[in-house]
Amino acid sequence: MSILFFNLRGVPEDEAEDVRDLLAANDIAFYETSAGMWGISLPAIWLQQQVDMPLAQQLLNAYQQERSQRQRALYEERCKLGQQPGFLRHNLQNPLRFIALCFTSALVIYASCHWVFSLGL
């Protein structure tokens, strides 16, 4: 019976490829499902044998620990070099999206406050 091993929704492609390579290098049988044409199915990596789960989980935990340290070091290096975008620089890259999100947030706050105060509290 197949078992869900790794959900691929929101996972960067390089991480997904690393997990595939990790399983293949250790001769663990797996298959992959995609999100489908409409993007509503479960994109995931599934193990074909239940007995492979402990080894696969151990390998994945070690990989994720190493990846976490590597990504943290990369982030710190980019911060030192001034290449890591902060709040302002990130939002200046797509100003229309930022303005739309601010407007939508303000509209939700206004509607919520207006509704509460109209109750007579």
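Attention in this report is confined to the structure presented alongside it. Starting afresh in each chain, residues are numbered from 1 along the sequence in its written order. Local features in a predicted model are, by the rule used here, given only for residues with pLDDT of at least 70; side-chain atom pairs are given and counted only at 80 or more, and totals for whole chains, interfaces and linings are based on all residues. Excluding hydrogens and water, the side-chain values take into account all heavy atoms of the structure.

As for the sheet that holds strand β2 (residues 30-33)
Here is step 1 of the chain: With antiparallel pairing, three strands are arranged side by side in an open sheet as β1-β3-β2. Each edge of the sheet is formed by a strand with only one pairing partner; in this case those strands are β1 (3-7) and β2. In this sheet, adjacent strand axes meet at a mean angle of 30 degrees when their direction is disregarded.
Here is step 2 of the chain: Judged from the four bridges that link them, β1 and strand β3 (residues 44-47) form a sheet pairing that is antiparallel. Residue pairing for β3: I3 is matched across the bridge by L47.
Here is step 3 of the chain: Of the strands in this sheet, β1, β2 and β3 touch helix α1 (residues 13-25), which is tilted by about 15 degrees from β3.
Here is step 4 of the chain: Contacts from helix α2 (residues 53-81) reach β1 and β3, with the element oriented near 10 degrees to β1. Here the rule is simple: two strands pair whenever DSSP picks up at least two bridges between them. Helix and strand assignments follow DSSP, with helices taken as H or I runs no shorter than four residues and strands as E runs no shorter than two, numbered in order from the N terminus. Axis lines are fitted to C-alpha atoms, over the contacting stretch for helices. Their N-to-C directions set the angle, which ranges from 0 to 180 degrees. Note on contacts: a residue pair qualifies if any of its non-hydrogen atoms lie within 4.5 Å across the two residues.

Focus: the packing of α1 against α2
Each packed pair of helices is defined by two parameters, the angle between the axes and the distance between the axes.
Here is step 1 of the chain: The contact between α1 and α2 brings their axes to 11 Å, and the two run at 145 degrees. By crossing handedness, the relation of α1 to α2 is classed as right-handed. Between α1 and α2, the residues in contact are D14, E15, D18, V19, L22 and L23 and A56, L59, L60, Y63, Q64, R67 and R70, respectively.
Here is step 2 of the chain: Ten residue types, Ala, Val, Leu, Ile, Met, Phe, Trp, Tyr, Cys and Pro, are classed as nonpolar, four, Asp, Glu, Lys and Arg, as charged, and the remainder, Gly among them, as polar. For the contact of α1 with α2, the class distribution of residues is seven nonpolar, one polar and five charged. Note: crossing handedness is left-handed where the near helix turns anticlockwise from the far helix by less than a right angle, and right-handed where it turns clockwise.

Observations concerning the side chain of E15
Here is step 1 of the chain: If you trace the backbone, E15 turns up in helix α1.
Here is step 2 of the chain: Apart from residues no more than four positions distant in its own chain, E15 is found in contact with F6, Y63, Q64 and R67.

As for the environment of Q93
Here is step 1 of the chain: Structurally, Q93 is set in the loop between α3 (87-92) and α4 (95-118).
Here is step 2 of the chain: Along the primary structure Q93 and L47 are separated by 46 residues, whereas in three dimensions their C-alpha atoms are 40 Å apart.

What about α2?
Here is step 1 of the chain: Here the expected span of a helix is defined as 1.5 Å times the quantity of residues minus one. Here α2 is 29 residues long and its end C-alpha atoms lie 41 Å apart, about the 42 Å a rise of 1.5 Å per residue gives.
Here is step 2 of the chain: Regarding α2, the residues found buried are M53, A56, L59, L60, Y63 and R67.
Here is step 3 of the chain: For α2, the secondary structure elements touched by its buried residues are β1, α1 and β3.
Here is step 4 of the chain: The positive-phi residue at the C-terminal boundary of α2 is G82, with phi of around 75 degrees. Relative accessibility under 20% of the residue-type maximum defines a buried residue, over 50% an exposed one, and the middle range a partly exposed one, all with a 1.4 Å probe and only protein chains included.

Regarding the pattern of salt bridges
Here is step 1 of the chain: Just to be clear on terms, a salt bridge is a Lys or Arg side-chain nitrogen sitting within 4 Å of an Asp or Glu carboxyl oxygen. Using the criterion set out here, one finds six salt bridges in the structure.
Here is step 2 of the chain: R20 is the salt-bridge partner of E13, the closest N and O atoms lying 3.2 Å from each other.
Here is step 3 of the chain: Accessibility expressed as a relative area gives 15% for R20, which makes it buried.
Here is step 4 of the chain: Each of the salt bridges in this network shares a partner with another, and the network as a whole consists of E13, E17, R20 and E32.

Purely geometric numbers; function is a separate question.
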